[in-house]
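Topology and contacts: notes
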Amino acid sequence: MKSYVSNILIIATFLFAHSSLATQKFEFKYSFQGEKLAVSQEASDYYQALEKAAKSCFRHFKHKTKSNQEKGIDLIDVCANPQAS
């Protein structure tokens, strides 16, 4: 009986650990100054994926701001708020 309970606990621990590592794929679409960008990001939840996608968006488009503060602020807004799919 002790072995049976031990095995159940091991299996339950494995299943819980495996499910917490599961990732999902999220799609984000951005548009800045007429150029479109689609970012596919894997993460364990939407907000982690959004953060990673926003950073990718900023890196991709930052050359278009050319040290213009207003355009830089617009870019931050665009990357923080992807278009609805």
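Computed from a predicted model, the values in this text were never measured in an experiment.

Cut-offs and rules
Residues numbered from 1 in each chain as written. Predicted model: local features only at pLDDT ≥ 70, side-chain atom pairs only at ≥ 80, totals over all residues. Heavy atoms only, no water. Helix = DSSP H or I, 4+ residues; strand = E, 2+ residues; numbered from the N terminus. Buried < 20%, exposed > 50% of the residue type's maximum accessible area, 1.4 Å probe, protein only. Contact = heavy atoms within 4.5 Å. Axes fitted to C-alpha atoms, helices over the stretch in contact; angles between N-to-C directions. Left-handed = near helix turned anticlockwise from the far one by under 90°. Nonpolar A, V, L, I, M, F, W, Y, C, P; charged D, E, K, R; others polar. Expected span 1.5 Å × (residues − 1). Arc of directions from axis to C-beta. Polar contact = N/O pair within 3.5 Å; in protein donor to acceptor, adjacent residues only side chain to side chain. Pairing = 2+ DSSP bridges.

1. Thoughts on the side chain of Thr 65
- The residue Thr 65 is located in the loop between helix 2 (46-61) and helix 3 (69-80) in this model.
- With relative accessibility at 13%, the residue Thr 65 sits in the buried group.
- Leave out the neighbours within four places in its chain, and Thr 65 touches Phe 32, Lys 71, Gly 72 and Leu 75.

2. Quick look at the packing of helix 2 against helix 3
- It is at 8 Å that the axes of helix 2 and helix 3 come closest, and there the two elements cross at 145 degrees. As helix 2 packs across helix 3, the resulting crossing turns out to be right-handed. Contacts between helix 2 and helix 3 pair Leu 50, Ala 54, Cys 57, Phe 58 and Phe 61 from the former with Leu 75, Ile 76, Cys 79 and Ala 80 from the latter.
- Counted by class, the contact of helix 2 with helix 3 contains nine nonpolar, no polar and no charged residues.

3. Looking at helix 3
- The first and last C-alpha atoms of helix 3 sit 17 Å apart over twelve residues, in line with the 16 Å expected at 1.5 Å per residue.
- When we look at burial in helix 3, the residues that qualify are Gly 72, Leu 75, Val 78 and Cys 79. Looking down the long axis of helix 3, one finds its buried residues gathered within 120 degrees of arc, a one-sided arrangement. Pointing more than 90 degrees away from the buried face of helix 3 are the exposed residues Gln 69, Glu 70, Ile 73 and Ile 76.
- Packed against the buried residues of helix 3 are strand 1 (24-32) and helix 2.
- The N-terminus of helix 3 is capped by Asn 68, whose side-chain oxygen sits 3.0 Å from the backbone nitrogen of Glu 70.

4. Some remarks on unusual backbone geometry
- Phi is positive for Gln 33, which is not a glycine, with a value near 50 degrees.
- Relative to the helices and strands, Gln 33 is located in the loop between strand 1 and strand 2 (35-43).
- Since its relative accessible area comes to 42%, Gln 33 is described here as partly exposed.

5. A look at the pairing of strand 1
- Where strand 1 and strand 2 come together, nine bridges link them in antiparallel fashion. Across the sheet, Phe 26 pairs through a bridge with Gln 41, a residue of strand 2.
- Count of turn residues in the strand 1/strand 2 antiparallel hairpin: two residues, of which Gln 33 carries a positive phi of about 50 degrees.

The analysis is restricted to geometry; functional conclusions fall outside its scope.
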